[in-house]
Protein chains: 2
Amino acid sequence: MLSKKTKYGLKALTFIARSGDDVPVQVSVIAKSEQIPQKFLESILLTLRKSGILGSKKGKHGGYYLRSEPSEIKMTDVMRVLEGPIAMVPCVSLNYYEKCDDCPDEHKCSVHKLMIEVRDSTLKVFRNTTLADLSGV
Amino acid sequence: MLSKKTKYGLKALTFIARSGDDVPVQVSVIAKSEQIPQKFLESILLTLRKSGILGSKKGKHGGYYLRSEPSEIKMTDVMRVLEGPIAMVPCVSLNYYEKCDDCPDEHKCSVHKLMIEVRDSTLKVFRNTTLADLSGV
DNA sequence: GTAATCCCTACTAAATTGATAGGATTAATA
DNA sequence: TATTAATCCTATCAATTTAGTAGGGATTAC
């Protein structure tokens, strides 16, 4: 299941992308428009800022803005920040590889083979999708 | 993340498929060979039996067996039983559809569009993979 | 200086996961 | 028929994750 965190994060990014890049967008505006608990959304946007996808401006008339063009923001990056590894098991993760405790030889593991296929097909989608595709911008 | 339940279930099915179809395979044998807690595995195989994928024989010399040929057992079915819906959000689920509370129009929802693509690409993998592919039988 | 805004830490309730415990039921066989 | 070996079933539990909430600190525009 997709976490609420990811869902909210994607909706917020879409909202920001659609707002144009001239002024920062405030958390309160996004929260109200997208029906997201404001404090929760705050923490999500903070994560996106720390990862470099969003920038922020503090104080009055502050808010969040995209650090790149929507067409440059790939879903692979966004999903890894919000949802974590794209692979369903650590032993097939490109960025967070970990060996299974119970698996003596992962090349013989039936789960491993299947999960590599799932990972590759999901990656293909995320690599070919940018925020521009989501937001229609 | 793939749950342990699903991982163990897939390994157990593979084990049974590789054992041939002449005699039922006991939980204890699978548990020992695949390093799975036996009581946990019991409950998993019970689920697979109730869903119709496995059959069982009680009493001495009892155990579990496949109800169909490995090549007839599709990953779509297995994954739905073990892991639940294949879609990452209920609003794009084919078998367990549910509308989002927060989404006024899901055709305009950016998350919706992305998750449909992910669902379709994952489905494609599961539809084209059978237990025969996993087990090499 | 005041109001608006992001920033940060800590806490919490509910749900899910990954088991474990204990026994009831069923079937083979000595 | 008694024993043994298996599945079947229900209940419980600890740890983790999720989805928030609370409260205030820091910064900036006006």
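This report concerns the structure included in the present document. (Residues numbered from 1 in each chain as written. Chains lettered and ligands numbered in written order. Predicted model: local features only at pLDDT ≥ 70, side-chain atom pairs only at ≥ 80, totals over all residues. Heavy atoms only, no water.)

## Re the packing of aromatic side chains
All names here are of chain A.
- Overall, the coordinates contain two aromatic pairs over all chains when judged by the stated rule.
- Seen in terms of ring centroids, Y8 and F40 are 5.7 Å apart; in terms of plane orientation they differ by 85°. Their pairing is edge-to-face. Of this pair, Y8 sits in helix α1 (residues 4-18) while F40 is found in helix α3 (residues 38-50), placing the two residues 32 residues apart along the sequence. (Phe/Tyr/Trp six-rings, centres within 6.5 Å; stacked < 30°, edge-to-face > 60°. Helix = DSSP H or I, 4+ residues; strand = E, 2+ residues; numbered from the N terminus.)

## Some thoughts on the protein's contact with DNA strand D
- In the vicinity of DNA strand D there are 26 residues, among which K39 of chain A together with E42, R49, S56 and Y64 of chain B approach most closely.
- Atoms of DNA strand D within 4 Å of the protein belong to the sugar or the phosphate in 77% of instances, the rest to bases.
- Contact distances for DNA strand D include 3.3 Å between a phosphate oxygen and a side-chain N or O atom of H61 of chain A.
- E42 of chain B places a side-chain nitrogen or oxygen 2.7 Å from a base nitrogen of DNA strand D.
- Elements with a minimum of two residues in the surface near DNA strand D: α1 and α3 of chain A together with α3 (38-50), β1 (54-57) and β2 (63-66) of chain B.
- Partitioning the surface near DNA strand D into residue classes produces six nonpolar, seven polar and 13 charged. (Near = heavy atom within 4 Å. Polar contact = N/O pair within 3.5 Å; in protein donor to acceptor, adjacent residues only side chain to side chain. Nonpolar A, V, L, I, M, F, W, Y, C, P; charged D, E, K, R; others polar.)

## Observations concerning a negative patch on the surface
All names here are of chain A.
- Among the surface-exposed residues, D21, D22, E69 and E72 lie close enough to one another that they form a single negatively charged patch.
- The residue D22 is located in the loop between α1 and α2 (27-34) in this model.
- Judged by relative accessible area, which is 64%, D22 ranks as exposed. (Patch = residues over 30% accessible without salt bridge, like charges linked within 9 Å, V, L, I, M, F, W, Y side chains within 5 Å. Areas by Shrake-Rupley, 256 points an atom, 1.4 Å probe, with all protein chains shown as cover. Salt bridge = Lys/Arg side-chain N within 4 Å of Asp/Glu carboxyl O. Lys, Arg positive; Asp, Glu negative; His and termini not counted. Charge placed at Lys NZ, Arg CZ, Asp CG, Glu CD. Buried < 20%, exposed > 50% of the residue type's maximum accessible area, 1.4 Å probe, protein only.)

## Concerning the state of the cysteines
Residue and element names in this part refer to chain B.
- Evaluation of the coordinates by the stated rule reveals zero disulfides over all chains.
- Not part of a disulfide, C91 finds its nearest cysteine sulfur in C100, a span of 3.7 Å.
- C91 gets classed as buried once you look at its relative accessible area, which sits at 6%.
- Lacking any disulfide linkage, C109 is separated from the closest cysteine sulfur, that of C103, by 3.7 Å.
- Look at C109 and you get buried, because its relative accessible area is 8%. (Disulfide = S-S within 2.5 Å.)

## A closer look at the relation of the copies chain A and chain B
- Under the fitted operation, chain A is carried onto chain B by 0.0 Å of movement along the axis and a turn of 180°, and the coordinates agree to an RMSD of 0.0 Å. Such a turn and shift between the copies fits a two-fold axis. Identified as the residue of chain A closest to the rotation axis by C-alpha distance is S121 of chain A, at 2.9 Å.
- Both copies share a contact surface, since 100% of the interface residues of chain A are interface residues in chain B too. (Least-squares fit on C-alpha atoms with pLDDT ≥ 70 in both. Contact = heavy atoms within 4.5 Å.)

## What about α1 of chain A?
Residue and element names in this part refer to chain A.
- Taking 1.5 Å of rise per residue, the 15 residues of α1 would be expected to cover 21 Å, and the 21 Å separating its terminal C-alpha atoms lies within 8% of that figure.
- α1 sits mainly inside the fold: twelve of its 15 residues count as buried.
- The complete set of buried residues in α1 reads T6, K7, Y8, G9, L10, K11, A12, L13, T14, F15, I16 and A17. (Expected span 1.5 Å × (residues − 1).)

## Observations regarding the environment of C103 of chain B
- Within the secondary structure, C103 of chain B is located in the loop between α4 (75-83) and α5 (110-127).
- Note: C-alpha distance between C103 of chain B and C91 of chain B (twelve residues apart in sequence) is 9.6 Å.
- Excluding anything up to four places from it in sequence, C103 of chain B contacts K11 of chain A together with C109 of chain B.

Nothing here speaks to function; it is all geometry.
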